[in-house]
Amino acid sequence: MRFGPVPIAQAEGATLAHSIQSGGERISKGTVLDGAVLARLAQEGVSEIIVAHPDRGDLSEDDAARRLALPLVAPDISAGEAVTGRVNLHAERPGLVSIDAATIHVLNAIDPALTIATLPDGAMVRAGQMLATVKIIPFFVSEETVERGVAALAGAAPAIRLTPFQPKRVGFVQTMVTGTAPKVLTKTAAVTAARLARAGSHIAREMRVPHDEEALAAALGRMAGDHDLLIVFGASAVCDFDDVIPAAIARAGGEIERVGMPVDPGNLLVLGSLHGKSVIGAPGCARSPKENGFDWVLERVLAGEPPSSAAIAAMGVGGLLQEIETRPRPRDANPAPVPVAAVILAAGASRRMGQHNKLLAVFDGEAAVHRVAREALGSTATEAVLVTGHEADRIGEAVDDLLVRRVHNADFADGMAGSLRQGLEAIAEGQGALVLLGDMPHVTVDHVDRMIEEFQKHGGRAVIRGSSDGQAGNPVILPLGIVSEAAHLTGDTGARHLIEASGAPTVLVEIGRAALTDIDTPEALASAGGSFEG
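Basis of the calculations
- Residues numbered from 1 in each chain as written.
- Predicted model: local features only at pLDDT ≥ 70, side-chain atom pairs only at ≥ 80, totals over all residues.
- Heavy atoms only, no water.
- Core = buried A, V, L, I, M, F, W, Y, C linked by side-chain atoms within 4.5 Å.
- Buried < 20%, exposed > 50% of the residue type's maximum accessible area, 1.4 Å probe, protein only.
- Helix = DSSP H or I, 4+ residues; strand = E, 2+ residues; numbered from the N terminus.
- Contact = heavy atoms within 4.5 Å.
- Salt bridge = Lys/Arg side-chain N within 4 Å of Asp/Glu carboxyl O.
- Patch = residues over 30% accessible without salt bridge, like charges linked within 9 Å, V, L, I, M, F, W, Y side chains within 5 Å.
- Areas by Shrake-Rupley, 256 points an atom, 1.4 Å probe, with all protein chains shown as cover.
- Lys, Arg positive; Asp, Glu negative; His and termini not counted.
- Charge placed at Lys NZ, Arg CZ, Asp CG, Glu CD.
- Pairing = 2+ DSSP bridges.
- Phe/Tyr/Trp six-rings, centres within 6.5 Å; stacked < 30°, edge-to-face > 60°.
- Axes fitted to C-alpha atoms, helices over the stretch in contact; angles between N-to-C directions.
- Parallel < 35°, antiparallel > 145°, perpendicular 65-115°, else oblique.
- Left-handed = near helix turned anticlockwise from the far one by under 90°.
- 1 Å grid on protein atoms, 1.4 Å probe; cavity = no way out; pocket = protein on both sides within 12 Å on 5 of 7 lines; lining within 4 Å.
- Points joined across faces, edges and corners; volume = space filled by probe spheres on them.
- Nonpolar A, V, L, I, M, F, W, Y, C, P; charged D, E, K, R; others polar.
- Right-handed = clockwise from strand over helix to strand, strands pointing away.
- Polar contact = N/O pair within 3.5 Å; in protein donor to acceptor, adjacent residues only side chain to side chain.

Draft legend 1. Main features of the nonpolar core. Counting residues in each nonpolar core, the largest one holds 35 residues, and the members touching the most others are Ile344, Val369, Leu386, Leu436, Ile464 and Ile477. For this core, the secondary-structure elements that each account for two or more residues are strand E21 (340-346), helix H10 (368-377), strand E24 (384-388), helix H11 (392-398), strand E26 (432-437), helix H13 (445-457) and strand E29 (506-510). Ignoring sequence-local partners within four residues, the contact set of Val369 consists of Ala346, Leu359, Leu360, Leu386, Ile395, Ala398, Val399 and Gly438.

Draft legend 2. Main features of the pattern of salt bridges. Per the stated rule, a full pass over the model turns up 19 salt bridges. In this structure, Arg93 engages Asp76 in a salt bridge whose closest nitrogen and oxygen atoms are separated by 4.0 Å. Note that Arg93 is positioned in the loop between strand E8 (86-91) and strand E9 (95-99) and Asp76 in the loop between helix H2 (61-69) and strand E7 (77-79), a separation of 17 residues in sequence. A salt bridge links Arg371 to Asp364; the shortest N-O distance between them is 3.7 Å.

Draft legend 3. The arrangement of a negative patch on the surface in detail. A surface patch of negative charge is lined by Asp393, Glu397, Asp400 and Asp401. Taking relative accessible area as the criterion, Asp393 reaches 64% and is therefore assigned exposed.

Draft legend 4. Molecular detail of the pairing of E8. Side chains of E8 alternate between two faces, with Val87, Leu89 and Ala91 buried and Arg86, Asn88 and His90 left unburied. Sheet topology places E7 next to E8; three bridges connect them, and they run antiparallel. Bridging across to E8, Ser78 finds its partner in His90. Here E7 folds back onto E8 in antiparallel fashion, the turn holding six residues, of which Thr84 has a positive phi close to 45°.

Draft legend 5. Fine view of the packing of aromatic side chains. Summed over all chains, the structure comprises two aromatic pairs. Note on Phe172 and Phe233: the rings are 5.7 Å apart at their centroids and 65° apart in plane angle, and the pair reads as edge-to-face. Here Phe172 is found in strand E15 (residues 169-176), whereas its partner Phe233 is found in strand E17 (residues 229-233), with 61 residues between them in sequence. The same class applies to Phe172 and to Phe233, which are both buried. Relative to Phe294, the ring of Phe233 lies with its centre 6.0 Å away and its plane at 65°, an arrangement referred to as edge-to-face. Of this pair, Phe233 sits in strand E17 while Phe294 sits in helix H8 (residues 293-302), placing them 61 residues apart in sequence. The class for Phe294 is buried, based on a relative accessible area of 0%.

Draft legend 6. Examining the packing of helix H6 (residues 213-224) against helix H7 (residues 244-251) more closely. Where H6 contacts H7, the two axes come as close as 8 Å, and the packing angle between them is 50°. With respect to each other, H6 and H7 are oriented oblique. In this structure, H6 crosses over H7, and the sense of that crossing is right-handed. Packed against H6, whose contacting residues are Glu213, Glu214, Leu216, Ala217 and Leu220, the element H7 presents Val244, Ile245, Ala247, Ala248, Ile249 and Arg251 at the interface.

Draft legend 7. Inspection of the layout of surface pockets at higher detail. The volume enclosed by the largest pocket comes to roughly 1300 Å³. Forming the walls of the largest pocket are 36 residues, and the residues nearest its centre are Met124, Glu291, Asp295, Trp296 and Glu299. At the level of secondary structure, the elements contributing two or more residues to the lining of the largest pocket comprise E9, strand E11 (124-125), H8, helix H14 (480-483) and helix H15 (496-502). Broken down by class, the residue content of the lining of the largest pocket amounts to 18 nonpolar, seven polar and eleven charged.

Draft legend 8. Here's a closer look at a nonpolar patch on the surface. A cluster of nonpolar side chains, contributed by Met1, Phe3 and Ile50, occupies part of the molecular surface with about 260 Å² of accessible area. Here Phe3 lies in strand E1 (residues 2-7).

Draft legend 9. Region of the structure containing the pairing of E24. Taken across its five residues, E24 has five buried, putting it largely inside the fold. As paired strands, E21 and E24 are joined by five bridges and run parallel to one another. Bridging from a neighbouring strand, Ala346 pairs with Thr388 of E24. Across four bridges, E24 lies against strand E25 (residues 405-408) in parallel orientation. The residue bridging Thr388 from the neighbouring strand is His408, located in E25. The parallel pair E24 and E25 is bridged by H11, and the resulting crossover is right-handed.

Draft legend 10. The side chain of Gln431, seen in detail. The residue Gln431 is located in the loop between helix H12 (416-426) and E26 in this model. Within the local environment of Gln431, its side chain forms a polar contact with the backbone oxygen of Ala428, the two atoms lying 3.3 Å apart. Residues in contact with Gln431, not counting those within four places in the same chain, are Val338, Pro339, Val340, Ala341, Thr382, Glu383, Leu480 and Val483.

Draft legend 11. Geometry of the sheet that holds strand E14 (residues 160-164). Taken in spatial order, the three strands of this open sheet run E11-E9-E14, and their pairing is antiparallel. Of all the strands in the sheet, the pair left with one neighbour each is E11 and E14. Here five bridges tie E9 to E14, and the two strands are oriented antiparallel to one another. Paired with Val97 across the bridge in E14 is Leu162.

What follows is the structure in structure tokens.
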């Protein structure tokens, strides 16, 4: 391929290297230039243009991508159309993807012009999900280079393989001791059912028995005949090969494959078999919906490929997963204080306030948004980020004297999620987030500091909410795990579903009526003691 600037007169038939504007229209890179386009450019005073020309034996980026993707097509894996040198491969059914890393490494080492990026080996995927993408970097690449890539991918075993899930009837057993709360058992069953549903499986029968080897063995024996998989949640964590769950599997006539795994959370997992059916003793962390070692084993079992003890032993690299806040004994019992940044949401359009912007309502001579920002800056929060949207210039002027960093959400009309997402993404990494609403003018420095103090008492792992007489309100402090999920927020929602999915405990801090006082309407404004001047 030849690449570089050429006179306009010599560019016909070449491929445009960089997008340009012409006649009020955008000519995209990759466009094959014809005489009409070049004539228009010449009339606009363009004398030279950067283009790519193929050499003899070159393939276009799309042709090269199609050829390279073809050996990757396998059962239940389809390839999309080639566009701008890219072909995406998708799963046609839910399942587990297996990646031959050595083959992918060989391909990517042939020439920087050829690239393949994939999901991690063993990833669980849904139908339609992208598994890999083939991308050709230049506009043209030699056919000989592409054929070397094709040969590298066309080995005896497929470089990418999808193992579809096999729907299973699951027998589910939970053991109990004195004091076991029924609501914990109910929640555990619901979380497990949701995990199974993703793979097309379901709990066919649930039993609750005493945390006793004999009782559990009897339950497993009754279930093994007409279920495809058995899952056990023990009331007490497994701490030995001869503990209740592995001992009960053996007593029922089963075999133990593994007790313990090098994945955290998830260390205390048991894997065995009974009458040819897999039996999983779930670690306590699997009561949370967050990813843990139980998921890694369960997904393989559901795909019909139960892992061996050796395969589980190999899971340690990459096996340090995100902490689950609800674990009774988290891996770091005395964590360092987690810094907290303030995110002030001030993007709304104040539709219920009529012609006025509620954030500019005045309280004791001070605009509401200024008051909220000032209190945040006076607290122990490390920084304050103000998210603007509607009337951004006026809001900015109102806080111009404060050292608050401003970010703008141009899509504020789409709902709160975009503003919250931008605010959380704007703060420095490794911080919890104190989310403040710009229309809650009675939240004070003292309120904020007490909430941050409570956040630290809980190791930075709990959700902290301001409350009034036990009724949850705002502000709210989000721990690191939830902040990191901010990119998934959409629509007119806050962080509620992220909080629920995290399994993090919620702690209420009493701050009085300030937790529930906002100024959405003229009546609420008057009741809160504010007004509009002028």
